[in-house]
Amino acid sequence: MSEERSQEFRPVNQILGSQPSLGPIPADQIFPWTVICLTSYLIINGIFGGIFADDFQRWLWTFLIAGWGMATWWILSGGRSWRFLSKFIGVPTWTRGFARYHSLLEVNHEAKNRKTKHRSRRRRK
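Definitions and cut-offs
- Residues numbered from 1 in each chain as written.
- Predicted model: local features only at pLDDT ≥ 70, side-chain atom pairs only at ≥ 80, totals over all residues.
- Heavy atoms only, no water.
- Helix = DSSP H or I, 4+ residues; strand = E, 2+ residues; numbered from the N terminus.
- Buried < 20%, exposed > 50% of the residue type's maximum accessible area, 1.4 Å probe, protein only.
- Contact = heavy atoms within 4.5 Å.
- Phe/Tyr/Trp six-rings, centres within 6.5 Å; stacked < 30°, edge-to-face > 60°.
- Salt bridge = Lys/Arg side-chain N within 4 Å of Asp/Glu carboxyl O.
- Axes fitted to C-alpha atoms, helices over the stretch in contact; angles between N-to-C directions.
- Left-handed = near helix turned anticlockwise from the far one by under 90°.
- Nonpolar A, V, L, I, M, F, W, Y, C, P; charged D, E, K, R; others polar.
- Patch = residues over 30% accessible without salt bridge, like charges linked within 9 Å, V, L, I, M, F, W, Y side chains within 5 Å.
- Areas by Shrake-Rupley, 256 points an atom, 1.4 Å probe, with all protein chains shown as cover.

A. Seen up close, the overall build of the chain. When helices and strands are tallied, the chain shows 5 helices and 2 strands. In sequence order, the secondary structure elements of the chain are arranged as α-β-β-α-α-α-α. For the chain, the proportion of its 125 residues judged to be buried stands at 12%. Look at the contacts in the chain between residues 6 or more apart in sequence, and 41% of them connect residues 24 or more apart.

B. Expanded view of the packing of aromatic side chains. In total, this model carries 3 aromatic pairs according to the counting rule given. Relative to phenylalanine 63, the ring of tryptophan 59 lies with its centre 5.9 Å away and its plane at 35 degrees, an arrangement referred to as tilted. Separated by 4 residues within a single helix, tryptophan 59 and phenylalanine 63 lie in helix 3 (residues 55-77), roughly one turn from each other. A relative accessible area of 58% places phenylalanine 63 in the exposed class. One aromatic cluster is present, formed by Tyr41, Trp59 and Phe63 through successive ring pairs.

C. View of the pattern of salt bridges. For the structure shown, the criterion picks out 1 salt bridge. The closest approach of N and O atoms between arginine 58 and aspartate 55, which form a salt bridge, is 3.4 Å. Taken together, the positions of arginine 58 and aspartate 55, both in helix 3 and 3 residues apart, correspond to about one turn of that helix. Arginine 58 gets classed as partly exposed once you look at its relative accessible area, which sits at 24%. Judged by its relative accessible area of 47%, aspartate 55 is partly exposed.

D. Broad picture of the environment of leucine 64. Assignment of secondary structure puts leucine 64 in helix 3. Put simply, leucine 64 and serine 40 are 24 residues apart on the chain and 9.0 Å apart in space, counted from C-alpha to C-alpha.

E. Layout of the packing of helix 2 (residues 30-47) against helix 3. At a closest axis distance of 9 Å, the pairing of helix 2 and helix 3 adopts a crossing angle of 145 degrees. Our pair here, helix 2 against helix 3, has a crossing hand that is right-handed. Here Pro32, Trp33, Ile36, Cys37, Ser40, Tyr41, Ile44 and Asn45 of helix 2 lie close against helix 3, whose contacting residues are Arg58, Trp59, Trp61, Thr62, Ile65, Ala66, Gly69, Met70, Trp73 and Trp74. Its residues placed into classes, the contact of helix 2 with helix 3 shows 13 nonpolar, 4 polar and 1 charged.

F. Representation of a nonpolar patch on the surface within the structure. On the surface, a cluster of nonpolar side chains totalling about 670 Å² of accessible area is made up of Phe56, Leu60, Trp61, Leu64, Ile65 and Trp68. Within the secondary structure, tryptophan 61 is located in helix 3.

G. Focus on the side chain of threonine 62. Structurally, threonine 62 is set in helix 3. According to the relative accessible area criterion, threonine 62 is buried, its value standing at 4%. Aside from chain neighbours lying at most four places away, what touches threonine 62 is Ser40, Tyr41, Ile44 and Asn45.

As structure tokens, then:
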């Protein structure tokens, strides 16, 4: 009986359907993060390099801007980005209103289309 019961269950590979990653870093974030790091390095050390007095300040600002950019990218394009972004979707307000048509040319079309004579109904014999 126990052998028959163990035959009912099949082993399942738990890796199937999961997203590839390098430790805690998702694999689809590696290329964008590399671009963000290189861009922050070029901006701080290339464009604004003369502003900072020493190398420590340059690298500090490079890491701060790269970290900010990577965190922003991860929040916007991560696997569960809907958890954060769904907070900003506005709920539509539905109202029912009836407005009478008012022509911008101030032409009274209703008076033109209205019949002036009313036909009298014939009586059936």
